[in-house]
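Overview (structure and organization)
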Amino acid sequence: MDSYIKTVVVKFFTDKPVRKTPYQVKGVFIRNFKNESIVPMLDGSKRDKFLYPRVQVKILDEQIYLIGIDEGVLPVLEISKKIEKLDFGNITFQIQDRDISQFKNEFISSSQLIDYEFITPWVALNNMTGKKYKKLEDSDKHSYLTKLIGQNIIFIAKELNLDLKREIYIKLELSSLAAQKIDEKNWGSFKGTFKTNCILPNYIGLGNGITRGLGTIFYDQDVILNNFESNENEGELLKNLAKEKGLEAIDILDVPKPKRKNKRKSSFKKKVRNKLRRNKNKKLFKSNRIVHNENYNILENNEGENIDQKNYNTEEHHKRQHKF
């Protein structure tokens, strides 16, 4: 990658352990900080503009983390300085301190193979990819999942308008190839680690369920910072690749550039769907939905919640789903 973006990670130190979900935390932000610039990044109103969430909320080791990516950096910095407490109704957390870390040498190619760990379950499989996965032979499942990670990384880079200059190399190691089900959606998740020749921001999410805090990755940044000058050395990369067994290359051309909805087309499609409903032409309506989903195949692999689904980040949804 020949460019980079800015990121920020804010860790809040609270007076007691936080045993809440990312949705509940976002609900407090949406309810109590309505005029802050972070709210549109959390309530779903920016989903058409940003297919990959620019602000992500995590609960790790019973503490709250806010991650801002590119356009999400300033909103995260602004809110982090203003929060003194988080009132959930049944419990209030006092913010005793905060750790703010800003970075800019991320989302770039590296001559090193960097070790990443999924510190929350990686939801690789949604309903569509899960069906494909079940039909594969065991010998092909590992390669399929490896390709999904590569596609996730390339998708995010293209969504951020970063140019990729070379292939993405991935080595995936999972505790099991048996997918663990995630809630009512029947998503399939995995635990494990992977290596790649890209520097990715710590604590961002890969796969499905990013807005739920799933697919969170972590790596030792000190290793990269101490060797940053050699990150663009092509000869060093080839030498490192030769030493590593089990690497798979993902062609950047296999992943199309993310497509955003055209509002005029969306409006037209809505009128067509309404007409089809009135005519009770179920067959044609079903066919139209299938074509639409195929156009967003890659997006569903990365964050299915961002495409044609209910807005689960609104204050009304939070009130229904959680007691504050």
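In the block above lies the structure referred to throughout.
Below you will find a few notes about this structure. All values derive from a computational prediction rather than experimental measurement.

Take unusual backbone geometry next. Negative phi characterises most residues that are not glycine, and trans characterises most peptide bonds. Even without being glycine, D61 reaches a positive phi, approximately 50°. Structurally, the position occupied by D61 is in the loop between strand 2 (55-60) and strand 3 (63-69). Given the relative accessible area of 74%, D61 is considered exposed.

Attention shifts here to the packing of helix 4 (residues 127-135) against helix 5 (residues 138-159). It is the contact of helix 4 with helix 5, at a shortest axis distance of 9 Å, that shows an interaxial angle of 150°. Regarding the angle of helix 4 to helix 5, the classification is roughly antiparallel. Taking contact as the criterion, the partners of T129, K132 and Y133 in helix 4 are, on helix 5, K141, Y144 and L145. Of the residues belonging to the contact of helix 4 with helix 5, the class tally is three nonpolar, one polar and two charged.

Looking now at the sheet that holds strand 13 (residues 248-250). In space, the five strands of this open sheet follow the order 12-6-11-8-13, with antiparallel pairing throughout. Taken across any chain shown, the strands that pair with only one partner, and hence form the sheet edges, are strand 12 (217-218) and strand 13. Where strand 8 (residues 168-174) and strand 11 (residues 192-199) come together, five bridges link them in antiparallel fashion. From the neighbouring strand, L174 faces strand 11, where its bridge partner is G192. Together, strand 6 (108-118), strand 8, strand 11 and strand 13 form the strand contacts of helix 5, whose direction differs from that of strand 8 by roughly 130°. Its contacts with the sheet place helix 7 (residues 234-243) against strand 6, strand 8 and strand 11, and it is angled at close to 40° to strand 6.

Turning our attention to the pairing of strand 1 (residues 5-14). Sheet faces and side chains relate simply in a regular strand, where the side chains alternate between the two faces. In terms of burial, strand 1 is a largely internal element, seven of the ten residues being buried. By the bridge criterion, nine bridges tie strand 1 to strand 5 (residues 92-106) in an arrangement that is antiparallel. Looking at strand 5, one finds that I5 is bridged to E106. Alignment of strand 1 against strand 3, held across six bridges, turns out to be antiparallel. Within the sheet, the bridge partner assigned to V9 lies in strand 3 and is I67.

The next subject is the packing of aromatic side chains. When we look at a pair of aromatic rings, we describe it by the centre distance and by the angle of the planes. Here the structure, examined in full by the defined rule, presents eleven aromatic pairs. Between the aromatic rings of Y65 and Y203, the centroid separation amounts to 5.0 Å while the plane-to-plane angle is 40°, which identifies the pairing as tilted. Of this pair, Y65 sits in strand 3 while Y203 sits in the loop between strand 11 and strand 12, placing them 138 residues apart in sequence. As far as burial versus exposure is concerned, Y65 and Y203 are alike and both buried. Their ring planes at 5° and their centres at 5.2 Å tell us that F118 and W122 sit as a pair that is stacked. Accessibility classification places F118 together with W122 in one group, the buried group. Stacked on the ring of Y133, the Lys or Arg K141 has its end atom at 5.0 Å from the ring centre.

Conventions we followed
Residues numbered from 1 in each chain as written. Predicted model: local features only at pLDDT ≥ 70, side-chain atom pairs only at ≥ 80, totals over all residues. Heavy atoms only, no water. Helix = DSSP H or I, 4+ residues; strand = E, 2+ residues; numbered from the N terminus. Buried < 20%, exposed > 50% of the residue type's maximum accessible area, 1.4 Å probe, protein only. Axes fitted to C-alpha atoms, helices over the stretch in contact; angles between N-to-C directions. Parallel < 35°, antiparallel > 145°, perpendicular 65-115°, else oblique. Contact = heavy atoms within 4.5 Å. Nonpolar A, V, L, I, M, F, W, Y, C, P; charged D, E, K, R; others polar. Pairing = 2+ DSSP bridges. Phe/Tyr/Trp six-rings, centres within 6.5 Å; stacked < 30°, edge-to-face > 60°. Lys NZ or Arg CZ within 6 Å of the ring centre and 35° of its normal.

Just distances and angles here, no functional claims.
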